Amino acid sequence: MQNISSVFKLSALAILCMPGAALADDTWQQAPARVSQAIHGGVGLLQTPTSRMAADGDLSLNYTDNEEYRLWSVSIQLFPWMEATARYTDVRNRLYSDSASFSGDQTYKDKGIDVKFRLLQESRYLPEVSLGFKDFGGTGLFESEFLALSKHYGNLDFHLGMGWGYLGTAGNITNPFCEVRDSFCNRPGGFSGSGGKIDYQRFFKGSASVFGGITYQTPWQPLVLKLEYEGNDYTEDFAGVLAQDSRWNIGAAYQWDDFTFDVNYQRGNTLGFGVHYRLNMHEASQIKITPAKLPVTGVKIDSSANINFNQLTHNLYYNAAFLPKSIRMTKDEFILHGQSLNYRDDVELTDRVARVIIAQLPENIKTIRLVEYASHMPQVEKLINVQDFIDVAQNNLFQPDLRSTYVRQQPDAAALELVNLTDDRGFYTGSEIFWVQSFGNPEKFYMYQGGLFLGGGYRFNNQFSMNATAKLTVLENFDSFNFKVDAQESALPRVRTYVREYVTRSKLSVENIYGHWQQEIAPSVFAQAYAGYLETMFAGAGAEFLYRPVDSTLAFGVDLNYVKQRSYENDFGFLDYKTVTGHVNVYWQPEFLKDTLLTFNIGQFLAKDKGVNVDFAKRFDSGIVVGAYAAITDVSSEEYGEGSFTKGFYISLPFDLFSISPAKGRGRIPWVPIGRDGGQPLNRPIKLIDRTESRSPFYD
């Protein structure tokens, strides 16, 4: 109960300042002091969180050092009301394992995940209130739950909170839940060891502590000062019992452009520092050099005049990056079939194509019928009202809205039969960069492999093709691997845990060779079949069906595959293991979660375990997508092994964020905390949900 009176003095000061803020003219409407990242990642003071949130879409990359712990973290403001943080902790006074020969000079590395939810937004009389969970899915080094309140007055921001677990070890206040039920008086267990499981039975149990502090925005705008009282007494730290001469911590944060540098003095005896980089994923952009849009004059060409189709085709390609496949006219319609090459923004693409057409459009044409293709299949038809488009393009309306001038719909099957399209046949080649990374290995903390996928094949027609991809490794330190996982016991077939053997086999290897067939077999129903060497670890045959209406928030599909495990000793051999795997797939963009895609894959995985993989993806205005997934199957955490269940995170980046010209396509940066054999899907070379993206765009 040491210094408990100081805590209540701090609490009283915060409470007394709230009415003062309310009585001052509009003081409560001023923004609070600029938020900054805490030592463990996430908006906070130093060792303690606050209820504050960063700007919507903010991503913060953090590195902090405070003697016993070195921490790397990424904090993302997924929604205005939700913050998520992923963290790696280097415990500098502990080895990687109990075996010195295995650990070498590697210190202990721990993974952790935090989330914080805003329950109440600050108003004139009420503080902002947030509820948070620290390290809830890891080994529990910093596991805690907290309720935090924040209220600002001018350049001062006052914070008060109550914490359980790591934040509450000082026990400077009685756990209020203990007064309700005795089971909350004691917190079961210690560090969970294998990690991965969410220990719900520990939440809000055991000792509790009040913590708080003040943030002061100095007159010098880049500098913020912090004062903090924490509720941890450091007697239960994984690094050992740490000396604490004071529970008061002080710090300063200096902002320079998108970087923040901070320094702090903790526990009355420890100096710490940190470096943080901020990027807003809504605002991220790249300057583009594009051809000027063709003007819309409103002067229509006489219906008896001939269209210059060579000029039209040239302008479609060079001004709108649109490759025509077929052009025809009826009495009152202009019909164009083709493929968009570069513009991922549907409105900008439609604007450019329509301007090119209208520049040569006869006066009798009332509608432009634009049919877009992707992957050699018609995907969406746009009906553009010519007069409405001209009114918007010329700003003849009070609130011009180009999107209101056209309708997106399912391409008309009867109309498609009237179009004489030749098959796109012949050889093709391509290449793309790959990057694989792994954190927290015993040999090195960060391991990587990068290079090129060299692809090619022959297309017999728009439905059938032969495809192959070679993997060329250019940069890597995977040759440092000296531990092979096959020496460990496993209750499951080793469908993924031979990964070290596969990735280190050769600098040049065969990634896949397969035949592929695809077709839209009914309106909005797509089908594909494939057979061959499908991915790095498996070969076989399979089929997929997908129902995806245009601009629908729901899509449904099913896939079924028979596969055999490829050898890791050569490109074309096999191991004995074979299985059937397949899933019912549901894709949902819920209206109550803006710009969010939920994917559910329900069925049998490669290790013959049954369950569901849930994928959460959040898109930001720039096109950046942040996602997380978890597979829950009938495999117990004990059978699964370290990590308890399959899970991972990723960031998907559109290529045009790195290009001065418009570009389609994107790259994916994954982070898999630990990969085992349960809940593992087949990495099919083609997925229909990706091939039909333009029907109801999420990523583009």
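What you see is a predicted model, and the numbers here were worked out from it, not measured in a lab.

Peer 1: Teacher, can you tell me more about the nonpolar core here?
Peer 2: As a rule of thumb, nonpolar side chains are buried together in soluble globular proteins. If you look at the biggest cluster of nonpolar residues, it comprises 27 residues, and the most contacted ones within it are Phe-334, Leu-336, Val-353, Ile-357, Ile-358, Leu-361 and Ile-368. Elements that contribute at least two residues to this core include exactly helix 4 (309-320), strand 14 (333-340), helix 5 (346-358), strand 15 (367-374) and helix 6 (386-393). Apart from residues no more than four positions distant in its own chain, Phe-334 is found in contact with Ile-307, Leu-312, Ile-327, Arg-328, Met-329, Ile-357, Leu-361, Ile-365, Thr-367, Ile-368 and Arg-369. Residues Leu-59, Ile-76, Val-210 and Val-626 belong to the second largest nonpolar core, which totals 25 residues.

Peer 1: Looking at this model, I keep getting lost on the pattern of salt bridges. Mind explaining?
Peer 2: Side chains that differ in charge, positive against negative, can pair when their charged atoms come close. What the rule picks out here adds up to 35 salt bridges. Among the salt bridges present, the one from Arg-352 reaches Glu-348, with a minimum N-O distance of 3.5 Å. Taken together, the positions of Arg-352 and Glu-348, both in helix 5 and four residues apart, correspond to about one turn of that helix. Salt-bridge contacts for Glu-693 lead to Arg-548; the nearest nitrogen and oxygen are separated by 3.9 Å. Here Glu-693 is found in the segment after helix 10 (688-691), whereas its partner Arg-548 is found in the loop between strand 23 (538-547) and strand 24 (554-566), with 145 residues between them in sequence. A relative accessible area of 5% places Arg-548 in the buried class. The structure contains a network of salt bridges with shared partners spanning Arg-52, Arg-118, Glu-122, Glu-128, Lys-151 and Asp-157.

Peer 1: I keep staring at the sheet that holds strand 15 and nothing clicks. Help me out?
Peer 2: Adjacent strands of a sheet form backbone hydrogen bonds with each other and so pair up, either parallel or antiparallel. Strand order across the open sheet formed by five strands is 13-14-15-16-17, with mixed pairing between neighbours. Unpaired on one side and paired on the other, strand 13 (322-329) and strand 17 (406-409) mark the two borders of the sheet. Averaged over all neighbouring strand pairs, the angle between strand axes comes to 20 degrees, with direction disregarded. Pairing between strand 15 and strand 16 (residues 377-385): eight bridges, direction antiparallel. Along strand 16, the bridge assignment pairs Arg-369 with Leu-383. Against the sheet, helix 4 touches strand 13 and strand 14, its axis set at about 145 degrees to strand 13. Sitting on the sheet, helix 5 is in contact with strand 13, strand 14, strand 15, strand 16 and strand 17, with an inclination near 130 degrees to strand 15.

Peer 1: Even after reading the chapter, I still don't get unusual backbone geometry, so can you show me in this structure?
Peer 2: For residues that are not glycine, phi is negative in most cases, and the peptide bond is trans in most cases. In this model, Glu-67 sits at a positive phi of 75 degrees, which is unusual for a non-glycine residue. Along the chain, Glu-67 falls in the loop between strand 1 (58-65) and strand 2 (69-79). In this structure, Phe-204 takes a positive phi of about 60 degrees despite not being glycine. With respect to the secondary-structure elements, Phe-204 resides in the loop between helix 3 (176-180) and strand 8 (208-217).

Peer 1: What is the right way to look at the packing of aromatic side chains in this model?
Peer 2: Two aromatic rings are characterised by how far apart their centres lie and by the angle between their planes. Summed over all chains, the structure comprises 35 aromatic pairs. With centroids separated by 5.8 Å and ring planes inclined at 70 degrees, the aromatic side chains of Trp-588 and Phe-592 adopt a geometry described as edge-to-face. Classification of Trp-588 by relative accessible area gives partly exposed; the value is 30%. Over the face of the ring belonging to Tyr-406 we find Arg-403, whose NZ or CZ atom lies 4.5 Å from the ring centre. Cation over ring: Arg-619 sits above Phe-698, and NZ or CZ is 4.9 Å from the ring centre.

Peer 1: Hey, could you run me through the side chain of Glu-83 in this one?
Peer 2: Among the secondary structure elements, Glu-83 is positioned in strand 3 (residues 82-95). Since its relative accessible area comes to 6%, Glu-83 is described here as buried. A distance of 2.9 Å separates a polar atom in the side chain of Glu-83 from the backbone nitrogen of Val-43. Excluding its chain neighbours within four sequence positions, the residues that come into contact with Glu-83 are Gly-42, Val-43, Met-53, Ser-75, Ile-76, Gln-77, Asp-114, Val-115 and Lys-116.

Peer 1: Is there a simple way to think about the environment of Val-436 in this case?
Peer 2: Position of Val-436 among the secondary structure elements: in strand 18 (residues 426-439). Judged by relative accessible area, which is 33%, Val-436 ranks as partly exposed. Val-436 sits 42 residues away from Phe-478 along the chain, and the two C-alpha atoms are 10.0 Å apart.

Peer 1: Quick question: what am I supposed to make of helix 5 here?
Peer 2: For an α-helix, 3.6 residues make a turn, and residues three or four places apart therefore share a direction. In this model, helix 5 (13 residues) spans 18 Å end to end at C-alpha, consistent with the 18 Å of a helix rising 1.5 Å per residue. Burial analysis of helix 5 places 11 of its 13 residues in the buried class, the great majority of the element. Taken together, the buried positions of helix 5 are occupied by Asp-346, Leu-349, Thr-350, Asp-351, Arg-352, Val-353, Ala-354, Arg-355, Val-356, Ile-357 and Ile-358. The N-capping residue of helix 5, defined by a side-chain oxygen 3.2 Å from the backbone nitrogen of Val-347, is Asp-345.

Peer 1: What is the right way to look at the pairing of strand 8 in this model?
Peer 2: The two faces of a sheet get side chains in turn, since along a regular strand they alternate between them. Along strand 8, nine of the 10 residues are buried, which leaves the element largely enclosed by surrounding structure. Note: strand 7 (residues 156-165) against strand 8, nine bridges, orientation antiparallel. Bridge pairing in strand 8 links Phe-158 to Ile-214. Where strand 8 meets strand 9 (residues 223-229), six bridges bridge the pair, whose relative direction is antiparallel. The partner of Thr-215 across the bridge, within strand 9, is Lys-226. Once strand 8 ends, the chain turns through five residues before running back antiparallel as strand 9.

Peer 1: Just to check I follow, could you spell out the sheet that holds strand 8 for this structure?
Peer 2: One closed barrel accounts for 12 strands, arranged 1-2-3-4-5-6-7-8-9-10-11-12; its pairing is antiparallel. Neighbour-to-neighbour, the strand axes of the sheet open up by a mean angle of 20 degrees, direction not taken into account.

Thresholds applied
- Residues numbered from 1 in each chain as written.
- Predicted model: local features only at pLDDT ≥ 70, side-chain atom pairs only at ≥ 80, totals over all residues.
- Heavy atoms only, no water.
- Core = buried A, V, L, I, M, F, W, Y, C linked by side-chain atoms within 4.5 Å.
- Buried < 20%, exposed > 50% of the residue type's maximum accessible area, 1.4 Å probe, protein only.
- Helix = DSSP H or I, 4+ residues; strand = E, 2+ residues; numbered from the N terminus.
- Contact = heavy atoms within 4.5 Å.
- Salt bridge = Lys/Arg side-chain N within 4 Å of Asp/Glu carboxyl O.
- Pairing = 2+ DSSP bridges.
- Axes fitted to C-alpha atoms, helices over the stretch in contact; angles between N-to-C directions.
- Phe/Tyr/Trp six-rings, centres within 6.5 Å; stacked < 30°, edge-to-face > 60°.
- Lys NZ or Arg CZ within 6 Å of the ring centre and 35° of its normal.
- Polar contact = N/O pair within 3.5 Å; in protein donor to acceptor, adjacent residues only side chain to side chain.
- Expected span 1.5 Å × (residues − 1).

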